[in-house]
Amino acid sequence: MAEAHSAVAFSFSITHEGWDINYDREVLDLVWQSGVRSWKKRLARFRTGVRNGVYPAHLQSLWLVIAIAVGLHFTQRHVPFDLVNKWLSVLPGDSLQWQLTACSLAGLIVWLSICYTMRYSLKLLLMYKGWMYEKRAPGSRVSLQTRLWGLFVKVLATWNKPGLYSFQGSLPRLPLPSVQDTMQRYLRSVRPLLDDSNYNRMERLAKEFEQGISTKLQRYLFLKSWWSTNYVSDWWEEYVYLRGRGALMVNSNFYGIDAIFMHPTKVQSARAASVVNLLLQFRRTVERQELEPILVQGLVPLCSWQYERIFNTVRAPGVETDKIIHYQDSNHIVVLYRGCYYKVIIYHNGRLLRPCELQIQIEHILQQSEEKPQPGEELLASLTAGDRTKWAQIRQTVFAKGVNRTSLHTVESAAFVLSLDEKPFEFDLAHPEKLDQFGRYLLHGNGHDRWFDKSFTVCVGSNGRIGFNAEHTWADAAVMSHIWEMLIMGETEQRYDENGNTVGIPEFEPPTPKRLTWDLNDKVALVAIDEAHIAAQKLLNDVDLRILVHDAYGKGLMKTCRLSPDAFIQMALQLAYYRDAGKFSLTYEASMTRLFREGRTETVRPCTIESAAWVKAMLDSNVSTEERVRLLNEACERHQLGYQDAMCGKGIDRHLFCLYVVSKYLEIDSPFLQEVLSEPWRLSTSQTPHGQTAKMDLKKHPNCISAGGGFGPVADDGYGVSYIVAGEDLIFFHISSKRSCGTTSSERFAQEICRALADMKHLFEEYRSLQKKNPSNGTKSDKPQAK
């Protein structure tokens, strides 16, 4: 009953002497502060909501329009459509007061008309995607159409400083491709993967589908594309993520690594405090919508919808389907240390705690080394790492009431989770296995020191290096990458003293962290936790992770080859995979569709007819250097076109996925869709973006580049490869596979990537040497444009 008593803020009793009131002043003060903070946020959201609702017009322009209406009326000139007199005809009188009211209403109507004309004009302009396909190489000329388009967009979109969500109402819907176009793209993408007989069979299935049930399915999908904001995103979140019953750890969650060339402090508590403070400042800019939206080429906005659920968010397990729960506010984080959970209050006296004050709280936790986890507590987070249905079932029973429900709610409603690890996160170029271990700590930890359901868990090593583990449902990696950039750049400021502690003097004694309590003595709970722990250990022990630091060259050399760095790397991966597996495989590369409202990702298929031809030419000693370069140029051009198509809503896989969902709702079987959706992605790749914020100045702070992050393999017999082009002379590859598969090896594949990149460098060196001897061999087709 101790928990019940401590939860009571005040109590009263009636005696013969009158009322006897007892209350906890501190609790009531917390309640008051929480209410004040909540109302401030509501008012801020209302104000920014109004501002965003009229963007790109300026809110203050309303008063100018009303003033013009008043001036026109009292100088005997008519307001457009005689709106003032029309309002006067329905108002109670025509006194000065009512005339001013009529002028204000007329001005409001004119102003709203201007606002929505501007908004829909901007929306129409943003529907144009021709700028994506313009050549950008030196000497190339942008078309007149695109230049005029850019001028109009600049006038409408940049004259009024936008908030984070200002462009949401102006972003166009994701367009729905025709079935015919998707079929053509699909068949072209699988041609290098199939022999003639299998290709003819697939061609026949595609034709039967196109001429058969696709018309009905497309009709329903067309209706959804007009009725909903985005015809893909809600189904993608529901069926790809939330209905998945497998473990989140390794299979879904991804990780990100610190800027490994900078180590601002080795004091764990100081680094943790600084990171927490920077993240909470970022949360405030998101809540107040002070964060500037990302503009491609400083002009075209990306959808900011995913930023809404960065903080205070959890994926709650369900028996059949999970759900995303986002809490509007949270005044605490949860710290996980040595199997114990602590609630840490992050507000006091009406403001966020400063780093020096947060460090006091974290040091208090680190000093609790004698505290032992309660029965079942140490392995508790294994439940979030295992089967979703089992976790949901145990959650409905063991965590449905009492202290377990209270503590679980505290964890799930926290702004985020902070894990203080007992091991150091290390990096040493002479010992690459240390960086591999760094990545493993972040991807899965020990299976029970990350709360995998939370939107993200910040991990701090005992030596002060940091990383994160993020849940994938609520957003894509680009959003976490943006947060990480802001955090790393924030660390370039003077935040630590000469001893490695946070700077500043605490103004007060911050609230003491509160240890969460659990009642897990129930046999059912202990058995479930133990089973989840065993399953997690089996899963994480099967991960083969290799982080390759390729420092022979980076995008600097690629640009001299007049090739897109992304296309260049994708071709290297195709060559490496063919050498490793002896065959081509269906390859996944993620691209974004955030040029459209609520857009997430689309698949680019880098294994193309052109890339296969180039790979075979590289393995054929009879093919000349000039021919190899020509084939590589064609392969890179084709890859760029596929990437651009995917970003512009002309992809293959999301359209086919949605057609498949409709067929399931209508209970219509399609052999074509079933086969397409069951094809394994044995090579799954993704480029980690960087430079999303103007604060990321690598010329001024060259050590601030992150090593990127990675994810687990998608197929049991395949590879997961994430890469980040970390400067002119550096590329990081995060390569994952499964130890249980006898045909894959992350170390072997890393060596093949190095070999492929070296061969490509040598290819262009030979080509330039030949060009110097015989300049007439060069052609314009040898020089594709960089993306």
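Residues numbered from 1 in each chain as written. Predicted model: local features only at pLDDT ≥ 70, side-chain atom pairs only at ≥ 80, totals over all residues. Heavy atoms only, no water.

**Focus on a nonpolar patch on the surface**
Our working rule: Patch membership requires over 30% relative accessible area and the absence of a salt bridge. Like charges are linked within 9 Å, and nonpolar side chains (Val, Leu, Ile, Met, Phe, Trp, Tyr) within 5 Å. Per-residue and other accessible areas follow the Shrake-Rupley method at a 1.4 Å probe size, with only the shown protein chains counted as cover for residues. Basic side-chain nitrogens of Lys or Arg form a salt bridge, by our definition, when they fall within 4 Å of a carboxyl oxygen of Asp or Glu. With a 1.4 Å probe rolled over the protein chains alone, any residue whose accessible area is under 20% of its type maximum counts as buried; one over 50% counts as exposed, and the rest are partly exposed.
On the surface, a cluster of nonpolar side chains totalling about 500 Å² of accessible area is made up of Leu 144, Leu 148, Leu 151, Phe 152 and Val 155. Of the residues examined, Phe 152 reaches a relative accessible area of 49% and is grouped as partly exposed.

**Focus on the pattern of salt bridges**
The criterion, for reference: Runs of H or I in DSSP of at least four residues are treated as helices and runs of E of at least two as strands, each being numbered from the N terminus.
A complete count under the given rule lists 41 salt bridges for this structure. Here Glu 507 ties to Arg 351 by a salt bridge, and the two come within 3.3 Å at their closest N and O atoms. Linking Glu 507 in the loop between α17 (477–490) and β15 (514–515) with Arg 351 in strand β11 (residues 351–352), this pair joins segments that are 156 residues apart in sequence. Residue Glu 507 is classed as exposed on the basis of its relative accessible area, which comes to 52%. Arg 395 is paired through a salt bridge with Glu 412; the nearest N and O atoms lie 2.5 Å apart. With a gap of 17 residues between them, Arg 395 in helix α14 (residues 388–397) and Glu 412 in helix α15 (residues 402–412) connect regions that are remote in the sequence.

**Let's talk about the UniProt feature "domain: Choline/carnitine acyltransferase" (unreviewed entry) in the chain**
Condition: UniProt positions are given in the numbering used here, feature names are shortened, and annotations may be inferred rather than shown by experiment.
In this numbering, the UniProt entry assigns the feature "domain: Choline/carnitine acyltransferase" (unreviewed entry) to residues 174–754. Along residues 174–754, the helical share is 41% and the strand share 15%, with 38 Å between the first and last C-alpha atoms.

**Looking at the state of the cysteines**
Keep this limit in mind: Whenever a pair of cysteine sulfur atoms sits within 2.5 Å, that pair is classed as a disulfide.
Overall, the coordinates contain zero disulfides when judged by the stated rule. Between Cys 340, a free cysteine, and Cys 459, which holds the nearest cysteine sulfur, the sulfur-to-sulfur gap is 17 Å. Given the relative accessible area of 1%, Cys 340 is considered buried. Residue Cys 741 stays outside any disulfide, its sulfur separated by 19 Å from that of Cys 607, the closest cysteine.

**What about the environment of Tyr 165?**
Counted only if it meets this: Working rule for contacts: check all heavy atoms of both residues, and any pair within 4.5 Å makes them a contact. For the purposes of these results, a polar contact is taken to be a pair of N or O atoms within 3.5 Å, where, inside protein, one atom must be able to donate a hydrogen and its partner to accept one; residues adjacent in sequence count only when each atom of the pair is a side-chain atom.
The topology assignment puts Tyr 165 in the loop between α6 (144–158) and α7 (179–190). Between the alpha carbons of Tyr 165 and Glu 292 there is a distance of 8.7 Å; along the sequence they are 127 residues apart. Apart from the residues within four sequence positions on either side, Tyr 165 is in contact with Asn 52, Val 286, Gln 289, Ser 304, Tyr 307 and Glu 308. Only 3.4 Å separates the side chain of Tyr 165 from the backbone nitrogen of Glu 308, close enough to count as a polar contact.

**A short note on the pairing of strand β3 (residues 254–257)**
Each regular strand shows side chains that alternate between the opposite faces of the sheet. Cut-off, in case you're wondering: Strand pairing follows a simple DSSP-based rule, namely that at least 2 bridges must link the two strands.
Of the two faces of β3, the one lined by Phe 254 and Gly 256 and the one lined by Tyr 255 and Ile 257 are each fully buried. Where β3 lies against strand β14 (residues 466–470), four bridges are found, and the strand directions are antiparallel. When the bridges of β14 are listed, Tyr 255 appears paired with Asn 469. Bridging between β3 and strand β20 (residues 709–711) involves three bridges; their strand directions are antiparallel. Looking across to β20, one finds that Gly 256 is bridged to Gly 709.

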